[in-house]
Amino acid sequence: MAKKASRPGRKLMSLGILIIIALITLGIGSARGSASMVPGLALDLQGGTQLILTPTPQEGEDVKDVTVAQEDLDQAIEIIRKRIDASGVAEAEITSQAGRNIVVALPGEPSEETLNLVRSSAVMRFRPVLAAGDPAVVDPEKYKNATSGEGADQNVTYPSAQPLETEPAEEQPEPTATEGPDLSQLTPEELANTLADTNKDGEISDKPVAEPKDNSDPNWVTEQVLHTFFTTDCKAPEQRAKGSVDDPALPLVACDTEGNEKYILGPVDLEGIHLTSATAGMNRNEQGQSTGKWIVSLQFDKEGTDIFADVSKRLVDLQSVDPTRNRFAVVLDGNVISAPRMNSVIPNGSALIEGNFTADSARALANQLQFGSLPLNFTVESEQRISATLGADHLRTGLLTGIIGLVLVLLYLIWQYRGLSILAGGSLIAAGVIVYTLITLLSWLMGYRLSLAGVAGLIVSVGITADSFIVYFERIRDEVRSGRPLVSAVSEGWDRARRTIIVSDLVNLLAAAVLYFLAVGGVQGFAFTLGLTTLVDLAIILWFTHPLMELLVRTEFFGGGHKLSGLDPEHLGAKSAAIYAGRGRFREPKRNENHVKAADQPGRKSIAQQRREAEEAAKMEAEAAAVDTAQDASSEEEGK
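Keep in mind it's a predicted model, so treat the numbers as computed, not measured. (Residues numbered from 1 in each chain as written. Predicted model: local features only at pLDDT ≥ 70, side-chain atom pairs only at ≥ 80, totals over all residues. Heavy atoms only, no water.)

Tallying secondary structure elements over the protein chain gives 18 helices and 17 strands in all. The proportion of buried residues among the 640 residues of the protein chain is 44%. Looking at the protein chain alone, contacts between residues at least 24 apart form 74% of all its contacts between residues at least 6 apart. By element, 55% of the accessible surface of the protein chain is carried by carbon and sulfur atoms, the whole surface being about 33400 Å². (Helix = DSSP H or I, 4+ residues; strand = E, 2+ residues; numbered from the N terminus. Buried < 20%, exposed > 50% of the residue type's maximum accessible area, 1.4 Å probe, protein only. Contact = heavy atoms within 4.5 Å. Areas by Shrake-Rupley, 256 points an atom, 1.4 Å probe, with all protein chains shown as cover.)

And the structure:
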């Protein structure tokens, strides 16, 4: 069966088009400011941001007394690593310090969403809303001409242990003057004490007025809770990042993440551990059309579904009684990320978190919830910029090493393969352009960053690519030594070399995959570039080196077996009785007496060797006859 006609020009053109498309894409991204023409560098070469997380003590506990189990610390590091990897940040370094702290180093200038993935413990709880109010600390100026008598109590704009006010933004009527001190003359702390002391006994009690019937009962609002509510300033960023050290069995004063509203929340109805999945996506209306708003979809396990169904029924029953208590708060690390109203009973365990989400913030929240909460509560002890651990000098040294290695490889190829070294050099340059383009694109699209270990992988790839050329060239030369014409030698040599090259590259890919999935940090960077350059080597040998070789062998210099081409049959010691001399011509070889004597000695060749030589000779004669026939046909046409 005849072989399919080879079309090397198509392969070269296809590869060139792909490279051009990649470069144009990169150029457009760079022109728009979203991409760069140089790849991002990792922490060891560029520096970045370092955060130190320390365990959060419970109330009354000293931070030095907090004990941390090694198992919990390892689990926390693993969860933080998964969060960062999911955000697209590569080459982050996450380690433990002194057996209790966690040190997270992020390369470059990470986004605020990425930093929040590290800062947050991602402890999510669902609590009922008991009251909502102004986010600021209680302001005495709002109580001009008001006293601590009856009139003041009736016109307070903040919640009390009595029926609760629910709309913080409404204008309140001017308080009426009654007996008691002028509230506007008090300090905020004194005013908070006065307003929180609902029974006027001079003490701030933490006991409920009556036993609460359920988690939505207003009796949970004690005088102590009121005092905390009045003195909490949600406009201050530090008040919105306390961490999750609250007691789930007690009420909680919390701020929303933007600092626009302040809440009194009842005890926890549902823990986040019952959450099985969290995904970000666009919200859709009843017709299935996108509303243009990002949401986070939640799905609870069986136990969580049953609990959430009971909670939703209780809140729906409050819809006509108290609209504020019809709301439930999604609390993440002590902050309210959403406080929607419960419009209907949810029996299937599927819920949506709506808010002023962007695509990035919705995905960041989904990642936090999806990968679970940390086994420990941490607070950020320090956050600072750090310089590169190795720096530009090491990068220059690594690149210089790579260039020296490349030059040495080219010199060896020139000495060993002469004219074929031009093909090898061109292939190495093409491989370098493709690898650089791919790494720059990955840096833009996936957040990949090149580390010094990655540079080492690039240097090793020079040897891998050169090894493929050597296998290919040697196979061709073996066929030439056997007496094949050069065009046939390239075809047969490629058939044999291709299998060897593919198997070799697959072994390299397997090694890179094992390193990448079993290692962390710098070793992963080395494995990634090793695997990437191995794939590029396959593409180069299939779509560049072999097609270009097929074109070169049709030229006078290479196809004619010039002594500097690297394919000179006489120089290679061809053994056949009829050696191809280029352009369809054959000649008798110069006999090497040593070879003749060795060949004439009886018993030197096995029957299999003799049979193989006979087959090769017959095949060579058939090819020579075909060439002669083609020449005769061409001569007849010229004669006509």
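Tallied over the entire structure, the rule returns 15 aromatic pairs. Summarising the aromatic geometry, the rings of Phe-469 and Phe-473 are spaced 6.4 Å apart at their centres and angled 25° between planes, so their arrangement reads as stacked. Of the two residues, Phe-469 and Phe-473 are both situated in helix 12 (residues 452-481); the distance of four residues between them amounts to about one turn of the helix. For Phe-469, a relative accessible area of 0% translates into the label buried. Here the aromatic cluster, defined as three or more aromatic residues joined through ring pairs, consists of Tyr-417, Phe-469, Tyr-472, Phe-473 and Trp-494. Its guanidinium or amino end placed over the ring of Phe-229, Lys-262 lies 4.7 Å from that ring's centre, counting from NZ or CZ. (Phe/Tyr/Trp six-rings, centres within 6.5 Å; stacked < 30°, edge-to-face > 60°. Lys NZ or Arg CZ within 6 Å of the ring centre and 35° of its normal.)

Strand order in the open sheet formed by four strands is 3-4-2-14, with antiparallel pairing between adjacent strands. The strands lining the two open edges of the sheet, one partner per strand, are strand 3 (93-97) and strand 14 (378-386). Within the sheet, the average angular offset between the axes of one strand and its neighbour, ignoring direction, is 20°. For strand 2 (residues 48-55) and strand 4 (residues 101-107), the ladder comprises six bridges, and the chain directions are antiparallel. (Pairing = 2+ DSSP bridges. Axes fitted to C-alpha atoms, helices over the stretch in contact; angles between N-to-C directions.)

A separate point is the pattern of salt bridges. Per the stated rule, a full pass over the model turns up 12 salt bridges. Between Arg-327 and Glu-261 there is a salt bridge, and its shortest N-O distance comes to 3.7 Å. Pair noted here: Arg-327 is in the loop between helix 8 (302-317) and strand 11 (328-332) and Glu-261 is in the loop between strand 6 (252-255) and strand 7 (262-265), with a separation of 66 residues, a long-range link. The exposure classification of Arg-327 matches that of Glu-261, with both residues buried. Linking Asp-478 and Arg-481 is a salt bridge whose minimum nitrogen-to-oxygen distance equals 2.8 Å. Pair noted here: Asp-478 and Arg-481 are both in helix 12, with a separation of three residues, about one helical turn. A relative accessible area of 37% places Asp-478 in the partly exposed class. Looking at Arg-481, the relative accessible area reads 26%, which means it is partly exposed. Among the ionic contacts, a cluster of salt bridges with common partners joins Glu-479, Arg-484 and Arg-496. (Salt bridge = Lys/Arg side-chain N within 4 Å of Asp/Glu carboxyl O.)

To continue, consider the confidence of the model for the protein chain. Mean pLDDT for the protein chain: 78, with 78% of residues reaching 70 or above. Per-element averaging of pLDDT across the protein chain places helix 5 (residues 150-154) at the bottom with 37 and strand 7 at the top with 92. Here residues 588-604 is a poorly scored stretch, pLDDT under 50, and it has nine contacts once near neighbours within four places are set aside; other chains count. (pLDDT = per-residue confidence, 0-100.)

Now for empty space enclosed by the protein. Scanning the model with the defined rule gives two cavities of 30 Å³ or more in all. A volume near 40 Å³ is recorded for the second largest cavity. What lines the second largest cavity is simply Gln-416, Arg-418, Arg-477, Lys-563, Gly-566, Leu-567, Asp-568, His-571 and Leu-572. Of the residues in the lining of the second largest cavity, the class split is two nonpolar, three polar and four charged. (1 Å grid on protein atoms, 1.4 Å probe; cavity = no way out; pocket = protein on both sides within 12 Å on 5 of 7 lines; lining within 4 Å. Points joined across faces, edges and corners; volume = space filled by probe spheres on them. Nonpolar A, V, L, I, M, F, W, Y, C, P; charged D, E, K, R; others polar.)

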